[in-house]
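This is what each chain is made of:
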Amino acid sequence: MTIDVLTLFPAMFAGPLDESIIRRARDQGLLELRLHQLRDWTHDRHKTVDDRPFGGGPGMLMKPEPIFEAVASLRREGSRLVLLSPAGRRFDQTIARELAALPHLLLLCGSYEGVDERVREFLVDDELSIGDYVLTNGALPAMVIIDAVTRLLPGVLGDDASAHDESFSQEWLEYPQYTRPTDFRGMRVPEVLVSGNHAEIARWRAAQGRLRTQQRRPDLVPGTAAESAAVRKRTT
Ligand code: 9D3
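All figures in this text were calculated on a predicted structure; none of them were measured in a lab.

**Regarding the overall build of the protein**
Consideration 1: What the protein contains, in helices and strands, is eight helices and nine strands.
Consideration 2: Against the 2.2 N^0.38 benchmark of 18 Å for 236 residues, the protein shows a C-alpha radius of gyration of 22 Å, more extended than a compact globule.
Consideration 3: The principal-axis extent of the C-alpha atoms belonging to the protein is close to 70 × 45 × 40 Å.
Consideration 4: Expressed as a percentage of its 236 residues, the buried residues of the protein come to 39%.
Consideration 5: For the protein, contacts bridging at least 24 residues in sequence account for 76% of all contacts bridging at least 6.
Consideration 6: When the accessible surface of the protein is summed, it comes to about 14300 Å², and 52% of that surface belongs to carbon and sulfur atoms.
Consideration 7: Charge centroids of the protein, computed over 30 positive and 34 negative side chains, lie 4 Å from each other.

Following this line, the structure appears as structure tokens:
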């Protein structure tokens, strides 16, 4: 898949996307990632990308011209243009799967107080937020989405990890896990895990996963009022 990113801060992307699994996906050609400086589509000496809002108010807006020009040059048949903004629908694993199935993603990182509404109305296909907290711009959210989407691309993870992956968002949280040594400074691994009784281990893990989900994320417990409310909230 190809992901083009339009941002005022392309240098922010160096580092997170140059390591580990994303690095390997790029090296193997499974992900073609291209970073673009939005200012490259301006025509004035100062490379102006922002302006003051009509009607007054605090802060600046991203002006439409460079965005329309940039998108015209980058978008193609089958592209999805996604604006990252605090006003978007909340990104989740279902949306990650949906995006991973696309041939071309074009991510537009919001900056300043937001974008001229005509970008939203006439250009953007989808608008996403990564959660209810205020960041300085859309670059980190774009990286979060790239990360979540890339690991779902065919061939990026080993078979082990990808089978395991199905679980998130409709299953339980992870149960407690341990590795060697069995006794670390007096902190012992639960006896059941070293018992060799695989049926009992499976029961223990299921119970622990359910308990942890109930305590920490009641909104994920299937069939509860909290889950129905959370699903309603996610899907409206
Ligand atoms: C209404 C005033 N602010 C909205 C909360 C204005 C504003 C604050 C911060 C506008 C933009 C930003 C920068 N944030 C993003 O562009 C952003 C974001 C975020 O802040 N949180 C979670 N997801 C995202 S996606 C893009």
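**Remarks on the pairing of strand S6 (residues 104-109)**
Consideration 1: Summarising burial for S6: six of the six residues are buried, a large majority.
Consideration 2: Where strand S5 (residues 79-90) meets S6, six bridges bridge the pair, whose relative direction is parallel. The residue bridging Arg80 from the neighbouring strand is Leu105, located in S6.
Consideration 3: Once the chain exits S5 it traverses helix H3 (residues 93-100) before rejoining the sheet at S6, and the crossover so formed is right-handed.

**Some words on the domain arrangement of the protein**
Consideration 1: Domain boundaries in the protein define domain 1 (2-150) and domain 2 (170-235).
Consideration 2: Distance from the C-alpha centre of domain 1 to the C-alpha centre of domain 2: 36 Å.

**Focus on helix H2 (residues 64-74)**
Count 3.6 residues to each turn of an α-helix, and residues three or four apart come out pointing the same way.
Consideration 1: All of the buried residues along H2 are Pro64, Pro66, Ile67, Ala70, Val71 and Leu74. Down the axis of H2, the buried side of the element spans an arc of 165°, and every buried residue falls inside it.

**Some points on the packing of aromatic side chains**
Consideration 1: Within this structure, the stated rule accounts for zero aromatic pairs.
Consideration 2: Positioned over the ring face of Trp172 is Arg210, at 6.0 Å from the centre of the ring.

**Quick word on the layout of surface pockets**
Consideration 1: Approximately 400 Å³ is the volume attributed to the second largest pocket.
Consideration 2: Lining the second largest pocket are 23 residues, with Leu84, Ser85, Pro86, Leu135 and Asn137 sitting closest to its centre.
Consideration 3: Contributing elements (two or more residues each) for the lining of the second largest pocket: S5 and strand S7 (126-129).
Consideration 4: Of the residues forming the lining of the second largest pocket, the biggest block, five residues, is contributed by S5.
Consideration 5: Looking at the lining of the second largest pocket residue by residue, the class counts come to 12 nonpolar, nine polar and two charged.

**Comments concerning the nonpolar core**
Consideration 1: Grouped together as the largest cluster of nonpolar side chains are 32 residues, with contacts concentrated most on Ile3, Phe13, Leu31, Phe91, Leu99, Leu107 and Ile146.
Consideration 2: Mapped by element, the contributors of at least two residues to this core are strand S1 (2-7), helix H1 (20-27), S5, H3, S6 and helix H5 (139-150).
Consideration 3: It is H5 that provides the largest number of residues to this core, a total of seven residues.
Consideration 4: Core analysis: the second largest hydrophobic core is formed by 18 residues, Trp41, Met62, Leu106 and Val115 among them.

**Looking at the site of the ligand**
Consideration 1: Surveying the vicinity of the ligand reveals 17 residues, the closest of which are Ser85, Ile130, Gly131, Tyr133 and Leu135.
Consideration 2: Contact between the ligand and Ser129: a nitrogen atom at 3.4 Å from a side-chain N or O atom of the residue.
Consideration 3: At 3.1 Å from a nitrogen atom of the ligand is found a main-chain nitrogen or oxygen belonging to Ile130.
Consideration 4: Relative to its free-state accessible area of 560 Å², the ligand is covered by the protein chains to the extent of 75%.
Consideration 5: Judged by its atoms lying within 2 Å of the grid points, the ligand is housed in the second largest pocket.
Consideration 6: Residue composition of the shell around the ligand, grouped by class: nine nonpolar, seven polar and one charged.

**Some details on unusual backbone geometry**
Consideration 1: The linkage connecting Arg180 with the following residue, Pro181, adopts the cis geometry, with an omega of 5°.
Consideration 2: Phi at Ser20 is positive, roughly 60°, even though this residue is not glycine.
Consideration 3: Turning to its location among the elements, Ser20 is positioned in helix H1.
Consideration 4: Here Ser20 falls in the exposed class, since its relative accessible area comes to 56%.

Cut-offs used in this document
Residues numbered from 1 in each chain as written. Predicted model: local features only at pLDDT ≥ 70, side-chain atom pairs only at ≥ 80, totals over all residues. Heavy atoms only, no water. Helix = DSSP H or I, 4+ residues; strand = E, 2+ residues; numbered from the N terminus. Rg over C-alpha atoms; globule rule 2.2 N^0.38 Å. Buried < 20%, exposed > 50% of the residue type's maximum accessible area, 1.4 Å probe, protein only. Contact = heavy atoms within 4.5 Å. Areas by Shrake-Rupley, 256 points an atom, 1.4 Å probe, with all protein chains shown as cover. Lys, Arg positive; Asp, Glu negative; His and termini not counted. Charge placed at Lys NZ, Arg CZ, Asp CG, Glu CD. Pairing = 2+ DSSP bridges. Right-handed = clockwise from strand over helix to strand, strands pointing away. Domains from an automatic or database assignment. Arc of directions from axis to C-beta. Phe/Tyr/Trp six-rings, centres within 6.5 Å; stacked < 30°, edge-to-face > 60°. Lys NZ or Arg CZ within 6 Å of the ring centre and 35° of its normal. 1 Å grid on protein atoms, 1.4 Å probe; cavity = no way out; pocket = protein on both sides within 12 Å on 5 of 7 lines; lining within 4 Å. Points joined across faces, edges and corners; volume = space filled by probe spheres on them. Nonpolar A, V, L, I, M, F, W, Y, C, P; charged D, E, K, R; others polar. Core = buried A, V, L, I, M, F, W, Y, C linked by side-chain atoms within 4.5 Å. Near = heavy atom within 4 Å. Polar contact = N/O pair within 3.5 Å; in protein donor to acceptor, adjacent residues only side chain to side chain. Sits in = over half its atoms within 2 Å of the grid points.

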